[in-house]
Amino acid sequence: MTAPRRRSGDGPPTGSPVEELKTSGLKATLPRLKVLEVFQRTDRRHLAAEDVYKVLLAEGSDIGLATVYRVLMQFTQAGLLTRQHFESGRAVFELNEGRHHDHMVCLHCGRVQEFFDAAIEQRQRELAEQHGFELHDHALAMYGLCSDPACRGGGAGGTA
Ligand SMILES: [Zn+2]
Ligand SMILES: [Zn+2]
């Protein structure tokens, strides 16, 4: 008989870091579990390797930045995370939930805001069609300053 993947009893519920790793085919090592937990817990969906490292450090973990980076690469290859290369510099990672969205990136603090706009999506498809272009995917990133006063040159000086 074929054994079910999940054992009955005290197994973790589906969607736990352990299950997520099993599903992706990665062995559940401590660094992998810790890194995945950071993404599942955080309010910020988009994290750079340094951000993940700092969260772990604050929790007293001794997982090094190089390990964090390696785990992020493994997760990206396994499809657990997607990686965004924004022109502001650092690569940020987010949980791959399979829903298309685009991004606004603050050039001052690095904050990333997600958005989805049906009209923009539709317009892009139309443009591709007009150019006889077979569209497979797109990534739209808008760069500017977020609503945080600290990112608007607030403080000293001021606009006349
Ligand atoms: Zn900002
Ligand atoms: Zn995103």
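You'll find the structure just up there.
Below you will find a few notes about this structure. (Residues numbered from 1 in each chain as written. Chains lettered and ligands numbered in written order. Predicted model: local features only at pLDDT ≥ 70, side-chain atom pairs only at ≥ 80, totals over all residues.)

**Re the environment of G15**
Within the secondary structure, G15 is located in the segment before α1 (17-24). Sequence-wise, G15 and Q40 are 25 residues apart; in three dimensions their C-alpha atoms are separated by 9.8 Å. (Helix = DSSP H or I, 4+ residues; strand = E, 2+ residues; numbered from the N terminus.)

**Some details on the packing of α1 against helix α2 (residues 30-41)**
Think of two packed helices as two axes; the pair is described by the angle between the axes and how far apart they sit. For the pair α1 and α2, the least separation of the axes is 9 Å and the interaxial angle reads 110°. By the angle between their directions, the pair α1 and α2 is classed as roughly perpendicular. Crossing hand, α1 versus α2: right-handed. From α1, P17, V18, E20 and L21 reach across to α2, where they touch R32, L33, L36, E37 and Q40. Partitioning the contact of α1 with α2 into residue classes produces five nonpolar, one polar and three charged. (Axes fitted to C-alpha atoms, helices over the stretch in contact; angles between N-to-C directions. Parallel < 35°, antiparallel > 145°, perpendicular 65-115°, else oblique. Left-handed = near helix turned anticlockwise from the far one by under 90°. Contact = placed C-beta atoms within 7 Å. Nonpolar A, V, L, I, M, F, W, Y, C, P; charged D, E, K, R; others polar.)

**Examining helix α5 (residues 118-130)**
Relative to the 18 Å expected for 13 residues at 1.5 Å per residue, α5 spans 18 Å between its end C-alpha atoms, a close match to the ideal helical length. In terms of burial, α5 is largely open, as just zero of its 13 residues are buried. Positive phi appears at G132, one or two residues downstream of α5, with a value of about 60°. (Expected span 1.5 Å × (residues − 1). Buried ≥ 20, exposed ≤ 12 C-beta atoms within 10 Å, placed from the backbone.)

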